[in-house]
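# Chains, contacts and geometry: an overview
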Amino acid sequence: MDVRRGTSKALQPSPKEHPPTPESTASAKASDALPLPLYLTNAIFFTLFFSVAYYLLLRWREKIRNSVPLHIVTFSELAAILSLIASFIYLLGFFGIDFIQSFIVRASNEAWDLDVDDSDVVDDHRHRLLTCSPSIADRLIPAISSVEDEEIVDLVIRGAIPSYALEEKLGDCKRAVRIRREALQRITGRSLQGLPLDGFDYNSILKQCCEMPVGYVQVPVGIAGPLLLDGFEYTVPMATTEGCLVASTNRGFKGIYASGGATSAILRDGMTRAPVVRFPSAARACHLKFFIEDPSNFQTLAHEFNRSSNFARLQGVQCSVAGKNLYMRFSCSTGDAMGMNMVSKGVENVLKYLQSDYPDMDVIGISGNFCSDKKPAAVNWIEGRGKSVVCEAIIKDEVLKKVFRTNVATLVELNMLKNLAGSAVAGALGGFNAHASNIVSAIFIATGQDPAQNVESSHCITMMEAVNDGQDLHISVTMPSIEVGTVGGGTQLASQSACLNLLGVKGASKELPGSNSRLLATIVAGSVLAGELSLMAAIASGQLVKSHMKYNRSSKDVCKVVS
């Protein structure tokens, strides 16, 4: 079928969801499967039933008169008996046909249910799957019911329409998701029951956050706080499925608050991108390195870099040579955006400019991993990427004893042996902490950051030492590469935007561009400080296992809860 020439009504763009008409909502009926019209089929089976019944009665009467056993039947009598049974089954279904038809549409969706009659265990040759009865909400997931949508599902399954093109062809994002979801279930034979469909604005992610959606994943959001940081209080949203994490961080906030709060400082603010280029010789690569690092050429490079954005401002370029290859690590400010796309466009401008003077330069890639993005790298640990933040607090001795049930000396010793010496023994890169990534990931997911950038954003060294004649504890976290933004990407989604609004950093700052993203970075560092303090205290006092057994283990029958 030529889809481009033979477009049906189902493929016409529908900007808005109109009330369904009788024609558009017509669904498949049981009688549609019959080869003849319903009234003819009914007449045939009525006639067959009574004719065969009359014939069998006559035959049985003759057998009784002639003393022939009834269980001895001829071929014609056997055919008559089978015809009687078949016609009886049809007539039984006929009288309940309207009742049966009401289940046909629903059957197309419930065919994917994982229920087993009286057993919660589904066995196959690969694994054993424990299943629970679906909840009422799951049973109400809309099914594909219109003829037009069924036609499109069939076209997607046969490959006539690419699944990724549904939004463009239909002009209705939610309808496209529903059709893609149904096609996926039929192709794979696997149910998506439990993956929500309704309650999400799919228009908000089109060409921005996610391609080919079939639903969305629910992650619970807890709040911890208040965090007293730099004289202001913040209630911190944390999206996580790890029990005890929010409670532990909240305990850290309590201890910091009782001790007068924490303070923070931004050491550096610049996103990086490092293309790799190749020359015919190492000498030529070195020539460009010297040109770029010459201070007299910086303004020219900055002019080319900055012209693609109102916020991107080149801060510097760090070069590294490997044979004939040159890696140039551009660093720039990006306002309140995380800034990856912004810096990449600026780098492209500079590369085009350089090629006019260096025609023998071969651009191998816009990213040569000297950036370094979404990977643990020493260059980020040493030079920083995104926001470099340090956060500190002095925790009073009485607070340690009352809130954390430990003391200064025990925490200092544990930090030295675990976070410093233990991480060194493990060969850690940027991992001189207890669980910074736990807090970073939870806040990133809640506020619409890129979760993959948790890798370098969790680089952290936690320091503890006794102060005030050993009576109090000085604790600090230094995080050189927190990569956050308050505009763009997932920050514009409704749920994530609400969490940013809770922190008071939603959107871009009009008064001081970049201040919202910098504040968010300090909140992340302050939350990590609290998480480090609470976890280290739990380990020092022997409460870790006990608290996880209390908050991270469920004794409930999940199947009963769901149903």
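The chain appears in an unreviewed UniProt entry as 3-hydroxy-3-methylglutaryl coenzyme A reductase from Hibiscus trionum. Under Subcellular location (unreviewed entry), UniProt gives the following word-for-word description of the chain: "Endoplasmic reticulum membrane". Under the UniProt heading Sequence similarities (unreviewed entry), the entry covering the chain gives this text: "Belongs to the HMG-CoA reductase family."

### With respect to the overall build of the chain
Within the chain, the regular secondary structure consists of 20 helices and 13 strands. In the chain, which comprises 563 residues, the proportion classed as buried is 42%. With the model as given, the accessible surface of the chain reaches about 29,900 Å², and the carbon-plus-sulfur share is 58%.

### Some thoughts on the pattern of salt bridges
By the definition in use, this model includes 19 salt bridges. Across the salt bridge formed by Glu304 and Arg307, the nearest N and O atoms sit 3.1 Å from each other. Of the residues examined, Arg307 reaches a relative accessible area of 53% and is grouped as exposed. One salt bridge in this structure joins Lys374 and Asp450, with 2.8 Å as the shortest N-O distance. Of the two residues, Lys374 sits in the loop between β9 (362-365) and α12 (378-383) while Asp450 sits in the loop between α15 (436-447) and α16 (454-457), which places them 76 residues apart along the sequence. A residue is classified by how much of its surface remains accessible, and Asp450, at 25% relative accessible area, is partly exposed.

### A word on the side chain of Ser476
Here Ser476 lies in strand β13 (residues 472-482). Overall, the relative accessible area of 9% leaves Ser476 in the buried class. Sequence-distant contacts of Ser476, defined by excluding residues within four places in its chain, comprise Cys391, Glu392, Ile461, Thr462, Met463 and Leu529.

### Some points on the environment of Lys506
Its location among the elements puts Lys506 in the loop between α17 (494-503) and α18 (515-540). Taking C-alpha positions, Lys506 is 9.8 Å from Asp336, a pair spaced 170 residues apart along the chain. Non-local contacts of Lys506, meaning those with residues more than four positions away in its chain, are made with Ser497, Leu500, Asn501 and Asn516. Side chain to side chain, Lys506 and Ser497 meet in a polar contact 3.5 Å long.

### Points about the layout of surface pockets
Computed from the structure, the largest pocket encloses a volume of approximately 1,300 Å³. For the largest pocket, the lining is made up of 45 residues, of which Cys209, Gly448, Gly490, Leu493 and Gln496 are closest to its centre. For the lining of the largest pocket, the secondary structure elements donating two or more residues are α11 (340-357), α15 and α17. Element by element, the count of residues in the lining of the largest pocket is highest for α17, at 4 residues. The class makeup of the residues in the lining of the largest pocket is 23 nonpolar, 17 polar and 5 charged.

### A look at the nonpolar core
One recurring pattern in soluble globular proteins: nonpolar side chains tend to sit buried together. Ranked by size, the top nonpolar core spans 52 residues in total, and within it Met238, Ile395, Val528 and Leu533 carry the most contacts. Beyond its immediate chain neighbours, meaning those up to four positions away, Leu533 contacts Gly252, Ile256, Ile395, Leu400, Phe404, Leu411, Leu473 and Ile475. Judged by nonpolar contacts, the second largest core, of 28 residues, contains Phe279, Ile292, Phe305 and Val317.

### A look at the pairing of strand β5 (residues 263-273)
Relative to strand β10 (residues 386-395), β5 runs antiparallel, the two sharing 7 bridges. Its bridge partner lying in β10, Asp269 is registered against Lys387. Strand direction decides the pairing type here: β5 and strand β8 (residues 325-333), joined by 3 bridges, are antiparallel. Paired with Thr272 across the bridge in β8 is Ser331.

### Observations regarding a nonpolar patch on the surface
Side chains of Val73, Leu78, Leu82, Ile85, Phe88, Ile89 and Leu92 sit close together on the surface and give an oily, nonpolar patch of about 680 Å² of accessible area. Looking at where Phe88 falls in the secondary structure, it is placed in helix α2 (residues 75-95). Overall, Phe88 belongs to the partly exposed group, its relative accessible area being 47%.

### Description of helix α7 (residues 173-188)
With 16 residues, α7 ought to run about 22 Å at 1.5 Å a step, and its terminal C-alpha atoms sit 22 Å apart, in line with that. When α7 is considered as a whole, its buried residues turn out to be Cys173, Arg175, Ala176, Val177, Arg178, Ile179, Arg180, Arg181, Glu182, Ala183 and Gln185. Put simply, Asp172 is the residue that caps the front of α7, since its side-chain oxygen is 3.2 Å from the backbone nitrogen of Lys174. Directly after α7, the chain includes Gly189, whose backbone phi takes a positive value near 70 degrees.

### A few points about the packing of aromatic side chains
By the definition in use, this model includes 7 aromatic pairs. Measuring from centroid to centroid gives 6.1 Å for Phe305 and Phe330, while their planes differ by 15 degrees, and the two rings are stacked. Taken together, the positions of Phe305 in helix α10 (residues 298-306) and Phe330 in strand β8 put the pair 25 residues apart, joining distant regions of the chain. A relative accessible area of 0% places Phe305 in the buried class.

### A short note on the environment of Asp397
If you trace the backbone, Asp397 turns up in helix α13 (residues 397-404). Residue Asp397 is classed as buried on the basis of its relative accessible area of 14%. Taking C-alpha positions, Asp397 is 7.1 Å from Leu473, a pair spaced 76 residues apart along the chain. Non-local contacts of Asp397, meaning those with residues more than four positions away in its chain, are made with Val408, Gln471 and Asp472.

Reading the values: rules and limits
Residues numbered from 1 in each chain as written. Predicted model: local features only at pLDDT ≥ 70, side-chain atom pairs only at ≥ 80, totals over all residues. Heavy atoms only, no water. UniProt positions renumbered as here; feature names shortened; annotations may be inferred. Helix = DSSP H or I, 4+ residues; strand = E, 2+ residues; numbered from the N terminus. Buried < 20%, exposed > 50% of the residue type's maximum accessible area, 1.4 Å probe, protein only. Areas by Shrake-Rupley, 256 points an atom, 1.4 Å probe, with all protein chains shown as cover. Salt bridge = Lys/Arg side-chain N within 4 Å of Asp/Glu carboxyl O. Contact = heavy atoms within 4.5 Å. Polar contact = N/O pair within 3.5 Å; in protein donor to acceptor, adjacent residues only side chain to side chain. 1 Å grid on protein atoms, 1.4 Å probe; cavity = no way out; pocket = protein on both sides within 12 Å on 5 of 7 lines; lining within 4 Å. Points joined across faces, edges and corners; volume = space filled by probe spheres on them. Nonpolar A, V, L, I, M, F, W, Y, C, P; charged D, E, K, R; others polar. Core = buried A, V, L, I, M, F, W, Y, C linked by side-chain atoms within 4.5 Å. Pairing = 2+ DSSP bridges. Patch = residues over 30% accessible without salt bridge, like charges linked within 9 Å, V, L, I, M, F, W, Y side chains within 5 Å. Expected span 1.5 Å × (residues − 1). Phe/Tyr/Trp six-rings, centres within 6.5 Å; stacked < 30°, edge-to-face > 60°.

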